[in-house]
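For reference, the chains in residue letters:
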Amino acid sequence: MPRIFFNEVVTRDGFQIEPQFVPTDAKVALIDELSQCGYAKIEVTSFTSAKAIPMLRDAEEVMGRIVRVPGVEYTVLVPNVRGAERALESRADELNLVMSTSETHNLANLRMPREKSFAGLADVIALVGKRAAVNVSLSTCFGCPMEGEVPQDEVLRWAHRFAEQGVRGLTICDTTGMAHPAQVARMAQALRERFGGLQLTFHFHNTRGMGLANLLAAVQAGITRFDGSLGGLGGCPYAPGASGNICSEDAIHMLQAMGYDTGIDLPRLLAAARRLPELVGHAVPGQVAKAGRTCDLHPAPAGVDELRRSFA
């Protein structure tokens, strides 16, 4: 079985729509703990306007204080050239750029048409050059709540335009949780055929309960990199009814139970997940942190041993 690589996005994608500010000390401590869990990448923060996303107003301080572990890439989201300049000053390993494949969603989320987004991101790519890796996350690749299903050819068209810009990787996002496994398998096959030389990452949401099924379909179609969010936190504010990302620990538990190597220290990750509700002040969607792993056995109820002997 191929090695599966996970990127943790909780401190950016997960935290950005939380209503209560998570203290900087707590963010740094969580990232330092996640750095010890075996992730390929951790999306630390976003270099956006503090007015737009108050939760991430401490981006520079967080990036400056985390303990960087060899083998882990620390990635950040940047919306424009100024954000890229801040990210480079903070020594980000990778810059993650975002636009939508749906025109309506791009207007709602980024407040500009797709062509204007592309031109701005091309400027960022040119600025970065070889100083850091660049990944582009294409949103709403499997559907838009305002437009419906986004044609696969449209996703491939935008993927090709960014590949021509020399990006290292593409993340194909089910931003609104509209994907289904058959659609995911077709998309994965088409992307691997055309862009096999790029890092291909899939990013799923569990809005309609198909997040893990979609992830498994992608794995079986040959995709080996995935985003996940601790506890299943996150969600798109411009997708009506959208709930959070797939839960990292639930997805990793499923794959490890099936025999896949994820490189993740799952007990350590579950310990971090169990502290998350106190950190954000509410329950989180993740299931395995509540129920335990399938291999975590429990003592038999009182009286079972006596019943066993009586039927011997």
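In this text, all values refer to a predicted model and were calculated from it rather than measured experimentally.

**Student:** So what's going on with helix H10 (residues 248-257)? Residues and values would help.
**Tutor:** Most of H10 sits out of view: eight of its ten residues are buried. Residues of H10 that are buried include every one of Ser 248, Glu 249, Asp 250, Ala 251, Ile 252, His 253, Met 254 and Leu 255, and no others. Looking at the buried side of H10, the elements it contacts are strand E1 (5-8), helix H9 (211-220), strand E8 (225-228), helix H11 (266-280) and helix H12 (288-291). Once H10 ends, the next one or two residues include Gly 259, with phi positive near 100 degrees.

**Student:** Any chance you could break down the packing of helix H4 (residues 81-89) against helix H6 (residues 114-128) for me, citing the residues and the numbers?
**Tutor:** Where H4 contacts H6, the axes come no closer than 9 Å and their chain directions differ by 30 degrees. With respect to each other, H4 and H6 are oriented roughly parallel. When you trace H4 past H6, the crossing you get is right-handed. Judged by residue contacts, Val 81, Ala 84, Glu 85 and Leu 88 of H4 engage Asp 123, Val 124, Leu 127 and Val 128 from H6. For the contact of H4 with H6, the per-class residue count stands at six nonpolar, no polar and two charged.

**Student:** Residues and numbers for the state of the cysteines, please.
**Tutor:** A complete count under the given rule lists zero disulfides for this structure. Looking at Cys 37, it has no disulfide partner, and the nearest cysteine sulfur is the one in Cys 247, 13 Å off. For Cys 37, a relative accessible area of 1% gives the class buried.

**Student:** How would you sum up the pairing of strand E4 (residues 94-100)? Please name residues and give values.
**Tutor:** Judged by how many residues are buried, E4 sits mostly within the fold: seven of seven residues are covered. Residue alternation in E4 divides its side chains into two sets, Glu 94, Asn 96, Val 98 and Ser 100 and Leu 95, Leu 97 and Met 99, and both sets are buried. Pairing analysis gives three bridges linking strand E3 (residues 73-77) to E4, with the strands arranged parallel. Looking at E4, one finds that Val 76 is bridged to Leu 95. As a crossover connection, the stretch from E3 through H4 into E4 is right-handed. Pairing of E4 with strand E5 (residues 133-139) involves seven bridges; the strand directions are parallel. Bridge pairing in E5 links Glu 94 to Ala 133.

**Student:** Could you give an account of the sheet that holds strand E2 (residues 41-46), naming the residues involved and the relevant values?
**Tutor:** The eight strands lie next to each other as E1-E2-E3-E4-E5-E6-E7-E8, forming a closed barrel whose pairing is parallel. When strand polarity is set aside, the average angle formed by the axes of neighbouring strands in this sheet is 25 degrees. Taken strand by strand, H6 contacts E4 and E5, and its axis lies near 170 degrees from that of E4.

**Student:** So what's going on with the pairing of strand E6 (residues 169-173)? Residues and values would help.
**Tutor:** Of all five residues that make up E6, five are buried, and the element is covered over most of its length. What you see with E6 is no split at all: Gly 169, Thr 171 and Cys 173 on one side and Leu 170 and Ile 172 on the other are buried throughout. Pairing between E5 and E6: four bridges, direction parallel. Residue pairing across strands places Leu 138 opposite Ile 172, the latter belonging to E6. With respect to chirality, the unit in which E5 leads through helix H7 (residues 152-164) into the neighbouring parallel E6 is right-handed. Taken together, the five bridges between E6 and strand E7 (residues 199-203) define a ladder with parallel strand orientation. Within E7, the position partnered with Thr 171 by the bridge is Thr 201. This β-α-β element, E6 to helix H8 (residues 181-195) to E7, shows right-handed connectivity.

**Student:** Tell me about the pattern of salt bridges, and name the residues and values.
**Tutor:** Per the counting criterion, the structure on display carries 18 salt bridges. Residue Arg 86 pairs with Glu 60 through a salt bridge whose shortest N-O separation is 2.7 Å. Taken together, the residues Arg 86 in helix H4 and Glu 60 in helix H3 (residues 59-65) connect sequence positions 26 residues apart. Classification of Arg 86 as buried rests on a relative accessible area of 15%. The partly exposed category is assigned to Glu 60, whose relative accessible area is 35%. Glu 61 is the partner of Arg 65 in a salt bridge, and the nearest nitrogen-oxygen pair spans 3.2 Å. Taken together, the residues span about one helical turn, with Arg 65 and Glu 61 both in helix H3 at a distance of four residues. Taken together, the shared-partner salt bridges in this structure form one network comprising Lys 41, Glu 73, Glu 94 and Arg 168.

**Student:** Describe the nonpolar core, with residues and values.
**Tutor:** Proteins that are soluble and globular tend to have nonpolar side chains buried together. If you look at the biggest cluster of nonpolar residues, it comprises 93 residues, and the most contacted ones within it are Leu 95, Phe 162, Phe 202, Leu 215 and Phe 226. Counting residues per element, this core draws most heavily on H11, which supplies seven residues.

Calculation rules
Residues numbered from 1 in each chain as written. Predicted model: local features only at pLDDT ≥ 70, side-chain atom pairs only at ≥ 80, totals over all residues. Heavy atoms only, no water. Buried < 20%, exposed > 50% of the residue type's maximum accessible area, 1.4 Å probe, protein only. Helix = DSSP H or I, 4+ residues; strand = E, 2+ residues; numbered from the N terminus. Contact = heavy atoms within 4.5 Å. Axes fitted to C-alpha atoms, helices over the stretch in contact; angles between N-to-C directions. Parallel < 35°, antiparallel > 145°, perpendicular 65-115°, else oblique. Left-handed = near helix turned anticlockwise from the far one by under 90°. Nonpolar A, V, L, I, M, F, W, Y, C, P; charged D, E, K, R; others polar. Disulfide = S-S within 2.5 Å. Pairing = 2+ DSSP bridges. Right-handed = clockwise from strand over helix to strand, strands pointing away. Salt bridge = Lys/Arg side-chain N within 4 Å of Asp/Glu carboxyl O. Core = buried A, V, L, I, M, F, W, Y, C linked by side-chain atoms within 4.5 Å.

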